[in-house]
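# Commentary on secondary and tertiary structure
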Amino acid sequence: MPPPVQIPDYTTLPITLPPTALVEAATHYLYIRPHAPKQATPDDPRSLFVVNVPIDATSAHLRALFSSIGGGRVDRVIFESSGSGAAATGGKRKRDDDEEDGEEGEGKGEVVWDRKLRKSGSSAVVMFVDKASRDAAIRAAGKVSKKGKGKKVEEVVWGEGIGGGLNIPALGISRYLTNHNLTHPSKAHLQASVNTFMAAFEADEAARLHALAKRRQEPDEDGFVTVVRGGRVAPARQEEAKVVLEKKQAKDKHEGFYRFQVREERKSRQMELLKKFEEDKKRVAERKNLRRFKVSLGILCFVQLHGM
Amino acid sequence: MAPASKKRRTETREEDGRVRTKETTDQLSSEEEMEAISKEDDAGGQTFEAKSKARKIPKHPSSEQEKAQAVSESYESKSNVFRMETEELLSEIRVDYRKRMAPAEKMLHKLKNIIEKIPPKTDVTIGGVEGEMGKRKIHIPFPEPRPGADIKYKFSYEKPTYMNIAGSYALKTVAKQHGGFAIDLVLQMPSTIFQEKDYLNYRYFHKRAYYLATIAGAIQESGLNLQLSYVDLHDDPLRPIIVVAPSGDGSEIDFTTSKCLIRIVPAAPKNTFSVSKLRPDRNAVRPVAEGDTADGSLPPTSQYNSSILADTTYFGHLTQLHEISFEAKAFKDACLLGRTWLKQRGFSSNINQGGFGHAEWSILMSLLLKGGGSKGNSVLAKGYSNYQMFKAMLQFLATRDLIMNPLLFGVESESVRWPKGPNVFDGKLGLNILFKMTEWGYRLLKHEAEITLKLLSDPVIGHFEEVFLHRLDDPCYKFDTLAYIPIPENLNKDSGLNPLLSFSQKLYDILSTGLTDRAKLIHLTLPSTSAQPIRPGGINRGLAPTGQIIAGFLLNAAQCSRAVDHGPPAGHKGGASYRAFWGDKAELRRFKDGSILESVVWVTKDSNQSIYNQIIQYLVIKNFGDKIGNYVKFIGDEYASMVGGGGNVGLFQPTMTAFEKLVKELRSLEGLPLAIRQVSAAASALRYSSVEAPLFSSGQLMQPADVVVQFESSGRWPDDLVAIQKTKIAFLLKMSELLQQAGAVTRIGLENVDYPTMNSAFMEVVYHEGSTFRVRIYHDREQTLLERQLLNKDLPGKKRDEITAALSEHRRKFIVGPLHTQEVQKLSHRFPALSPSIRLLKKWFQTHLLSRQVSEELVELMAIRTFVTTSSPPNSVMSGFLRTLHFISLWDWRAEPAIIGTVDKNASETFAAIRRSDPAMNRHVMVIPTEYDPTGTTFTESGPRKVVAARITALARSAVGASFKNIFISSTKDYDFVIHIEPKYNLPGIRSKGSKFKNLQKTEITSQDIAKLGLNVPGAFVNELNDIYGDTIIFFTAGNIIAGLWNPSSVSGRKWKVNIPYSTIPQVGVNDEEVLMLNKKSILNEISRLGGEILARIEINK
């Protein structure tokens, strides 16, 4: 049975993943529809929402894909955010502007992968130059997916038609060797990056302290001075304060001083024991239900015992 | 009614000795009597029940408080749970006599009628007897030596004077068990058919055999459809009995549903023969030539004498047990517990299975209830509860050495000596109750009692299952090493009544002398004798049962690999016997301290055989010849040789030395802003437990071993997580600069790049001989900062997950990891077999592609549990490995944690809390609390998941009882697809062998090697796949294989949704609805493209 052309709101776009040295070619399905986020943006009319992008997708790949089926020119591609070089696990998905692969994230530290991968089944927003280009792309996709029904349309092969000028990092062993080298940066480079960070951090810290000091000294409009941490004495650590408080509380208690306290304590202890007894009884009963008290006398019997 | 019938019965017993042929009709039939007893028992049972309840909780507590008090009292004595479990066990194994046993009792009636109708025969000659039975086609089970044709005494048959049920069935202490049980129908032969001197020269046994054959013939000819056979009672060849098995045809008399056998046991009346003449030190088998001479000069025939006397004791013992069970209410339950305990450990009354079964247990217990103490007081008190009685009994078995210090009842003289083996002498009967026990059987029993006693006195864990529920009789799990020794075909018949037994005794003596303190315990398991058909032409009785003896050894780990044994000094009078024992092996040697001693030296190198096995083989060849010695099969060494380097801890020495060097260099660094407080190891290579020895060939770098450095505390650290990580890098850079100056090669590596709160960098230190280390800095403030962030309630979910992960990572890497390493190091020194057992177990997990799911530490903890929590730690690789597998197969990780060592008392509460917070077990599946990790989840955070844990259990179950070869065979057929990695991209450390040619092996470490240090292509690849495909595929890896299973919940199609986390194919479903199916082909294509030239092959199974 041929796959459906439409599923609610989405057009399917079958593409062929080329054969590799080990496995034959496979058909991969993209699901596309006009981009319609909850919070509309001016770019929406020229954006296309693509679900289930292949894991090795790059902007170049998608650009080539849409030009080969006869869609319009792609302006840029925004992939679903993948936190790591590979892909991150996580609840809320952010959009990650990924015009150029290998771009450095803002202050996120070192880059250790030369090419980002997408999670299986993830989505992307493809922004065309204008609305007409986008609509052309959707129409073209519909044609491709109807190819089984008489009309001759050429197979769309993933990764074909990418311009030679773009240098997309290779997968396979070179990817892992590059990663290994990137995770072992030169010491000078590392020293420099640490120095930069520390300088920035110290500046921030100094600015923060300065601001605090200022607030300590200047009364606000009501004429009050805000009490904030810092000052001449180092701030008390929360944990230490807690320990002191606990000590004080322990000191205030007079256990076993009055008779009624002793009596009550004994009573509560007994109640606890009673509770434990009941719990134990319950536990034994539970285990009995699991048929744990059958003396295991052989493999057969044992299997039956654990209900496996 | 009850007291009356009791009186009547005792009366009957008293008159047993006299002939009461005429009164049999007046007697209560055995069935009726049993009925009476059973009613009595029921009543007794109820009152006991009521009383025990009353003791625990008053029936009508006047107030809640009283009830609580009663409970708190019950808690004072051990664990209440254990007691409740015991009650459950008892109710489970008790047999419902009336319902289940009706068909069997009907059968007993029938048999009784048949036997009563047998006509008497008097004074038939041996010729007449054989002729008669030959005609009836009935085999007479004469024991060896068979009566000659010229014997003068005559055979007779008369109706039994008395017939009744004896044994545990009569006592109602039968337990449900696998092979069913037996009802003993004991027939008392009239004393008129015997003569006073029949105790001599097997005459009694020959007459008894004829008597038995007559009964067998009568039953056979009665036309009842039954399966009859002769069996040696308790493997005693002198005392055959008839075993009646149900036909299974479903007819009226079929008693298959009772699940039991009926044994017809002929008994001799008391006082038929003089007890004094059958004392253990008397002779009753005269040499043929000399006739009846005085017995003083002849060797005593203790076994023979005991066999005759044992035939007179059935009813006496029954009375004794009945009486005691009225006096001590818990007696029967304690018997049932004892029975279960013995059965699970493979003990039974049969000589070849230890000779200590349920019968001996109950008789010994009844004796101990009456006496046995040092001042004539009783060892057990009648008021004990069943558990107390059971424990006290074990205490007695464990502490009293009955061989050195026999227990005598009712005899004054010390002359009642028993040649070998334990002695509990009942003077009233003139019988050593334990006469069937061999020395080794007794030693094993004592050992088992000691083990169980230690388990019972464990203050934290109940161990109920180990004590009663687990079956522990497989020799592979009991002993450290095994040797299968073939039994010679023609055993020397003159060497005693039971040639097999005397052969094994000799073997035992030789082995225990030869192995000295290398073995703590030696045990021999003999093949059991088989049943014989009652028709002639069956098995030829003359031949000893062929087969093999299984010799099991408990080793002394500290001594068993000693290469030299010292004997007496030169010229000492013991020298000759030493030389005689060791033969050519003994030689005079001069030792460092100047002494010249006889000594025996064993090969340690270039031998696959362990030293103790060399000794065993040598001794067997020397004493029993090549024919036997060369066919001894050893089990145990193959486990040790499977581990690289034979499990020698010395292989880790170079790495440990390198580590010490690193510590010294780090400590002597000058110019660091802070002083180093501690350097600790946190890697399996530094705790003797990596699968391969880390430095196994020159010219190769080992996998970097983790090391944790902690500085003196200082207030100058920043109070911000990210800034701390950067500060650490600055420290590492400084350290590497200083180390570089000292001559080591260092590199800085980054990790957790996408997780700014986790440790971000490490320093790799490489030494020229090939050892490499990965140094990380531990700052104790990090934990506080992370915990404080978690307290913030406004933290977004994703961030919270990240912080939680960072916290557990921090604890694992910096806090628990080093402690764990230290503990394993310590234990490896205490238990020499621990390190190789861990390494073999890791290999097993690797073989089954589980090493990705199961962290190294988890495997180590599983093995450690076997060594620490059992009271008899394994002393060989085999026992360490197999017992751990056995534990894994039995571990119900859903319901209980595997506690190691002395943890907090509330470990079970912590566990309950873990399960409550995550009942579906998505996070923590296996929980192993230890002293340094009380929650027990640090090393199971990242797996195994529930599916994998179930697979581990299944694999362990199939490994239990499998042969060594099969344990390490794994098939990849079960996986959906298997990816093979090109071997050249494999981890260098796992490569099995170096270059084929020795001269081509490289010996230098190049800078390319260092550049590739820590590169793990297959690992990085699988990690990426795991990130990309998440839950859709479960990956299993080992070496160059990556196997994958599609998650069943992903395979079944689902409706359209935007966020389906895997690649799909749209399809039209049943109701014209679109269904999205998992696109397996496209996923495999993607994987192949990602891997590129790393992958050699992809097999798709399903």
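Throughout, residues of each chain are indexed from 1 in the direction in which the sequence is written. Here every chain gets a letter starting at A, and every ligand a number starting at 1, in the order they are written. pLDDT decides what is reported in this predicted model: residues at 70 or higher carry local features, side-chain atom pairs at 80 or more are listed and counted, and totals for whole chains, interfaces and linings draw on all residues regardless. Values shown for side chains rest on all heavy atoms present in the structure; no hydrogens or waters enter the calculation.

## Side note on the overall build of chain B
Filter applied, for reference: Secondary structure elements are taken from DSSP: a helix is a run of H or I of four residues or more, a strand is a run of E of two residues or more, and numbering for both begins at the N terminus. Relative accessible area decides the class of each residue, using a 1.4 Å probe on protein chains only: under 20% of the type maximum gives buried, over 50% gives exposed, and in between gives partly exposed. A contact between two residues is defined here by any heavy atoms of the two lying within 4.5 Å. Shrake-Rupley sampling with a 1.4 Å probe provides the accessible areas, and residues are treated as covered by the protein chains on show and by no other component.
Tallying secondary structure elements over chain B gives 35 helices and 29 strands in all. Taken over 1102 residues, chain B has a buried fraction of 55%. Across chain B, every contact between residues at least 6 apart in sequence was considered, and the portion connecting residues at least 24 apart equals 71%. In the form shown here, chain B has an accessible surface area of approximately 46,900 Å², with 51% of it arising from carbon and sulfur atoms.

## Section: helix α17 (residues 499–515) of chain B
Residue and element names in this part refer to chain B. Definition in use: By this rule the span expected of a helix is its residue count minus one, scaled by 1.5 Å.
Between its first and last C-alpha atoms α17 spans 24 Å; for 17 residues at 1.5 Å apiece the expected length is 24 Å, and the two agree. Residues of α17 that are buried include every one of L500, L501, F503, S504, Q505, L507, Y508, I510, L511, G514 and L515, and no others. T516 sits one or two positions beyond α17 and adopts a positive phi of about 40°.

## Here we look at the sheet that holds strand β10 (residues 431–432) of chain B
Residue and element names in this part refer to chain B. Let me state the cut-off plainly: Only strands that DSSP links by at least two bridges are regarded as paired with each other.
Judged by pairing direction, the sheet is mixed, and its 3 strands sit side by side in the order β8-β9-β10 without closing on themselves. Lying at the two open borders of the sheet, with one neighbouring strand each, are β8 (407–409) and β10. Across 2 bridges, the pairing between strand β9 (residues 424–426) and β10 is antiparallel. By the bridge assignment, F425 is partnered in β10 with N432.

## Some thoughts on the sheet that holds strand β17 (residues 596–601) of chain B
All names here are of chain B. Filter applied, for reference: All axes here are fitted lines through C-alpha atoms, helices being fitted over the stretch that makes contact, and every angle between N-to-C directions spans 0 to 180 degrees.
On the basis of which strands lie adjacent, the open sheet formed by 3 strands has the order β15-β17-β16 and antiparallel pairing. Single-partner strands in this sheet number two, and they are β15 (564–569) and β16 (586–590). Put simply, the sheet's adjacent strands are angled 40° from each other on average, direction ignored. Taken strand by strand, helix α18 (residues 575–582) contacts β15, β16 and β17, and its axis lies near 15° from that of β17.

## Side note on the pattern of salt bridges
Residue and element names in this part refer to chain B. As a reminder of what qualifies: Should a side-chain nitrogen of Lys or Arg be within 4 Å of a carboxyl oxygen of Asp or Glu, the pair is scored as a salt bridge.
Counted according to the given criterion, the structure contains 41 salt bridges over all chains. With a closest N to O distance of 3.6 Å, E857 and R687 form a salt bridge. Of this pair, E857 sits in helix α27 (residues 856–869) while R687 sits in the loop between β19 (676–681) and β20 (705–711), and the two are 170 residues apart along the sequence. Residue R687 is classed as buried on the basis of its relative accessible area of 2%.

## Observations concerning the pairing of strand β21 (residues 745–750) of chain B
Residues and elements named next belong to chain B. Within β21, 5 of the 6 residues are buried, which leaves it mostly tucked inside the rest of the structure. As judged from the 6 bridges shared by β21 and strand β22 (residues 761–766), these two strands associate in the antiparallel manner. If you follow T746 over to β22, its bridge partner there is V765.

## Digging into the packing of aromatic side chains
Threshold: Centre distance within 6.5 Å is the pairing criterion for rings of Phe, Tyr and Trp, where only the six-membered ring of Trp is used; planes under 30 degrees apart are then read as stacked, over 60 as edge-to-face, and the remainder as tilted. For a lysine, the NZ atom is tested; for an arginine, the CZ atom; a charge sits over a ring if that atom is within 6 Å of the ring centre and within 35 degrees of the ring normal.
Following the criterion strictly, the structure yields 35 aromatic pairs over all chains and no others. Where A:Y258 meets A:F260, the ring centres are 5.8 Å apart and the plane angle is 20°; that geometry is what we call stacked. With 6.1 Å between their ring centres and 50° between their planes, B:F659 and B:F773 make a pair best called tilted. Within this pair, whereas B:F659 is found in helix α22 (residues 653–667), its partner B:F773 is found in strand β23 (residues 772–778), the two being separated by 114 residues in sequence. By relative accessible area, B:F659 is classed as buried at 11%. Using a relative accessible area of 0% as the deciding quantity, one classes B:F773 as buried. Among the aromatic residues, those joined into a cluster by ring pairs are B:W341, B:W361, B:F390 and B:F468. The side chain of A:R118 reaches across the aromatic face of A:F79, ending 3.7 Å from its centre.

## Things to note about the confidence of the model for chain A
Residues and elements named next belong to chain A. Condition: The quantity called pLDDT is the predictor's confidence in a given residue, expressed from 0 to 100.
Put simply, chain A has an average pLDDT of 74, and 75% of its residues get 70 or more. Residue range residues 83–108 is modelled with pLDDT below 50. Its contacts to residues more than four positions away, or to other chains, number 65 contacts. Segment residues 296–308 is flagged for pLDDT under 50; beyond a separation of four residues in sequence, or across chains, it makes 24 contacts in the model.

## A word on the domain arrangement of chain A
Note the cut-off: Here the bounds of each domain stem from an automatic or database domain assignment.
Entries for chain A in the domain assignment read domain 1 (11–82 + 115–166) and domain 2 (251–289). For domain 1 of chain A versus domain 2 of chain A, the distance between C-alpha centres works out to 67 Å.

## Considering the pairing of strand β26 (residues 1041–1046) of chain B
Every regular strand shows the same layout, with side chains that alternate between the two sheet faces. Residue and element names in this part refer to chain B. Among the 6 residues that make up β26, 5 are buried, leaving the element largely enclosed by the rest of the structure. As judged from the 4 bridges shared by strand β24 (residues 977–981) and β26, these two strands associate in the antiparallel manner. Looking at the pairing, I979 lines up with I1042 of β26. Taking the residues that link successive antiparallel strands as the turn, the strand β25 (residues 1033–1038)-β26 hairpin has 2 residues, and the phi of G1039 there is positive, at about 55°.

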